[in-house]
Amino acid sequence: MRVGLLGLGRIGMFHAATLSALVDELVVTDVDASRAEEAARRLGARVGDPFDADAVVITTPTSAHAEALLRACELKVPAFCEKPAAPTVAETLRVAAAAERSGTPVHIGFQRRFDAGYTAARAALRAGELGELHRVHLLTGDPAPPPAAYVAQSGGIFRDCHIHDFDILRWVTGHEADSVYAIGANRGAEFFAESDDVDNSAALITMDDGTLVTLQGSRYNGAGYDVRMELAGTRGTWTAGLGDRTPLRSAEGLDPAGPPWPDFQSRFEAAYVEEMKAFLAMARGEIESPCTVRDALAALHLAEAADLSRREGRSVRVTEVAK
């Protein structure tokens, strides 16, 4: 296969390195021409038009996702795009319509779907090992905040960070969210408040089957990168993300055996590789899209509802933003 990659930032370089070992030819490009030339030299790739390929990987800044996906759909080139498909609901709907109209396979990157822990928890729930699911808890804690310039254009903690929690919630449980009540606090740098954002977050979500979901998040989880999901049912309780590098100390002495995860890329390194393998299988026509634009839209709807709830101080039905 010849695969194109558009955007050579941190995650773009990681995907490029993965792809260079999986495909016959890798074509890369970036707005920074010198960066593209250097990446091509290091990876044995070439600089060129990423859409002149059998499949394309889009890892540009969020603001450019929709335009790149629309071009892929116009050319009918199977596409992978890091989340989100687009920064707004309206643009995401436009991309979804284009993909469906053209029949172009599109895979949106929510890498937790390929993590071994989340996959096992989903399988256990589906197999009845937990019984009837009653409660879920989600946690995402970053060890340090992103730069102020990033926060200003990120869309806020619910759209930028917790959208991963919202997607994995749907994927693991197989249910949709009905309503959300979200709150936040500013405990750190002033640039969060200046961007009308928060650096600590919490929410209560009610699913369409009555399952209760609690959510916590922080941009200042100083112990290390911490992402977990707990599923409590009538027959058993499972957790994903609790391992020997989880930055969590127990008062009873059950402490991590290894150094804490420093960031999302190291924590989900194996999942990112499996995600790229799945994308290539989709591009070859072997499987359906592992995460469609409509899936990404559903997660974005919940993020929009959570952000509206935080701003207005009330419970918000997801149907209010999913019109």
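Scroll up to find the structure.
Values in this document were obtained by computation on a predicted structure and should not be read as measured data.

S.K.: It is not clear to me how the overall build of the protein chain should be interpreted in this structure. Could you clarify?
M.R.: For the protein chain, the helix and strand inventory stands at 12 helices and 13 strands. Viewed in the frame of its principal axes, the protein chain has a C-alpha envelope of about 55 × 45 × 45 Å. Split into buried and exposed, the 323 residues of the protein chain put 52% on the buried side. Across the protein chain, the fraction of contacts at a sequence separation of at least 24, relative to all contacts at a separation of at least 6, is 68%. In the structure as shown, the protein chain presents an accessible area of about 14300 Å², 51% of it carried by carbon and sulfur atoms.

S.K.: Sorry if this is basic, but what is going on with the packing of aromatic side chains here?
M.R.: Where two aromatic rings form a pair, the distance of their centres and the angle of their planes describe that pair. All told, the structure shown has 6 aromatic pairs when counted by the stated rule. For the pair Phe14 and Tyr272, a centre-to-centre distance of 5.8 Å together with 65° between the ring planes defines the contact as edge-to-face. Pair noted here: Phe14 is in helix α1 (residues 10-20) and Tyr272 is in helix α11 (residues 269-283), with a separation of 258 residues, a long-range link. For the pair Phe14 and Tyr272, a shared accessibility class is recorded, and that class is buried. Where Phe264 meets Tyr272, the ring centres are 6.5 Å apart and the plane angle is 70°; that geometry is what we call edge-to-face.

S.K.: Please clarify how a nonpolar patch on the surface should be interpreted in this entry.
M.R.: Taken together, the side chains of Tyr181, Ile183, Leu204 and Leu212 present a nonpolar region at the surface, about 360 Å² in accessible area. Its location among the elements puts Leu212 in strand β10 (residues 212-218).

S.K.: Just checking my understanding: could you explain the packing of α1 against helix α2 (residues 33-43) for this structure?
M.R.: Packed helices, taken two at a time, are described by the angle between their axes plus the distance between the axes. Close contact between α1 and α2 brings their axes to 10 Å; oriented N to C, the two are set at 30°. By the criterion of interaxial angle, the relationship of α1 to α2 is roughly parallel. As for the relative orientation of α1 and α2, their crossing is right-handed in sense. Packed against α1, whose contacting residues are Met13, Ala16, Ala17 and Ser20, the element α2 presents Ala39, Arg42 and Leu43 at the interface. A breakdown of the residues in the contact of α1 with α2 according to their chemical character gives 5 nonpolar, 1 polar and 1 charged.

S.K.: Is there a simple way to think about the sheet that holds strand β12 (residues 237-240) in this case?
M.R.: The strands making up a sheet associate through hydrogen bonds between their backbones, and the pairing can be parallel or antiparallel. Ordered in space as β12-β11-β7-β10-β9-β8-β13, the 7 strands form an open sheet in which the pairing is mixed. Since the sheet does not close on itself, it has two edges, and those belong to β12 and β13 (316-317), each with one partner. Each of β7 (133-141), β9 (200-207), β10 and β11 (226-233) is contacted by helix α8 (residues 163-173), which is oriented at about 150° to β7, the strand it contacts most. Here helix α12 (residues 293-312) sits on the sheet and contacts β8 (177-185), β9 and β13; the angle it forms with β8, its principal contact strand, is near 50°.

S.K.: Is there a simple way to explain α2 in this structure?
M.R.: In an α-helix there are 3.6 residues to a turn, and that puts residues three or four apart on one side. All of the buried residues along α2 are Ala36, Ala39 and Ala40. Taken end-on, α2 shows its buried residues confined to a sector of 100°, consistent with a single buried face. Summarising the geometry of α2, the exposed residues directed more than 90 degrees from the buried face are Ser34, Glu37, Arg41 and Arg42. In this structure, the buried side of α2 is in contact with α1, β2 (25-29) and β3 (46-47).

S.K.: How do you make sense of the side chain of Thr92 when you look at a structure like this?
M.R.: With respect to the secondary-structure elements, Thr92 resides in helix α4 (residues 89-102). Here Thr88 takes part through its backbone oxygen, which lies 2.7 Å from a polar atom of the side chain of Thr92. Contacts of Thr92, omitting those with residues within four sequence positions, involve Ala85, Ala86, Val293, Leu297 and Leu300.

S.K.: In this structure, what is going on with the sheet that holds strand β5 (residues 79-82)? I would like to understand it.
M.R.: Strand order in the open sheet made by the 6 strands is β3-β2-β1-β4-β5-β6, with parallel pairing throughout. Both edges of this open sheet fall to β3 and β6 (106-109), since each of them pairs with a single strand only. As judged from the 4 bridges shared by β5 and β6, these two strands associate in the parallel manner. In the sheet register, Ala79 faces β6, and the bridge partner there is Val106. Lying on the sheet, helix α3 (residues 65-75) is in contact with β1 (2-6), β4 (55-58), β5 and β6; it crosses β5 at an angle near 175°. α11 rests against β1, β4, β5 and β6 of the sheet, and its axis sits at about 150° to β5.

S.K.: Would you mind showing me how to read the pattern of salt bridges here?
M.R.: If the charged atoms of two oppositely charged side chains come close together, the side chains can form a pair. Under the definition given, this model contains 28 salt bridges. For Asp255, the salt bridge identified is with Arg249, shortest N-O distance 3.2 Å. Judged by its relative accessible area of 35%, Asp255 falls in the partly exposed class. In the salt-bridge network here, residues are joined through shared partners; they are Arg159, Asp196, Glu304, Asp307, Arg310 and Arg311.

S.K.: I would appreciate a short explanation of the environment of Ala33 in the present structure.
M.R.: Inspection of the secondary structure puts Ala33 in helix α2. Linking Ala33 and Glu320, residues 287 residues apart in sequence, is a C-alpha distance of 44 Å.

S.K.: Would you take a moment to explain the environment of His301 for this structure?
M.R.: Along the chain, His301 turns up in helix α12. In the structure, His301 is positioned 142 residues away from Arg159 in sequence and 9.3 Å away in space, judged by C-alpha atoms. Those residues in contact with His301, other than ones at most four positions away along the chain, are Val89, Val318, Val321 and Ala322.

What counts and what doesn't
Residues numbered from 1 in each chain as written. Predicted model: local features only at pLDDT ≥ 70, side-chain atom pairs only at ≥ 80, totals over all residues. Heavy atoms only, no water. Helix = DSSP H or I, 4+ residues; strand = E, 2+ residues; numbered from the N terminus. Buried < 20%, exposed > 50% of the residue type's maximum accessible area, 1.4 Å probe, protein only. Contact = heavy atoms within 4.5 Å. Areas by Shrake-Rupley, 256 points an atom, 1.4 Å probe, with all protein chains shown as cover. Phe/Tyr/Trp six-rings, centres within 6.5 Å; stacked < 30°, edge-to-face > 60°. Patch = residues over 30% accessible without salt bridge, like charges linked within 9 Å, V, L, I, M, F, W, Y side chains within 5 Å. Salt bridge = Lys/Arg side-chain N within 4 Å of Asp/Glu carboxyl O. Axes fitted to C-alpha atoms, helices over the stretch in contact; angles between N-to-C directions. Parallel < 35°, antiparallel > 145°, perpendicular 65-115°, else oblique. Left-handed = near helix turned anticlockwise from the far one by under 90°. Nonpolar A, V, L, I, M, F, W, Y, C, P; charged D, E, K, R; others polar. Pairing = 2+ DSSP bridges. Arc of directions from axis to C-beta. Polar contact = N/O pair within 3.5 Å; in protein donor to acceptor, adjacent residues only side chain to side chain.

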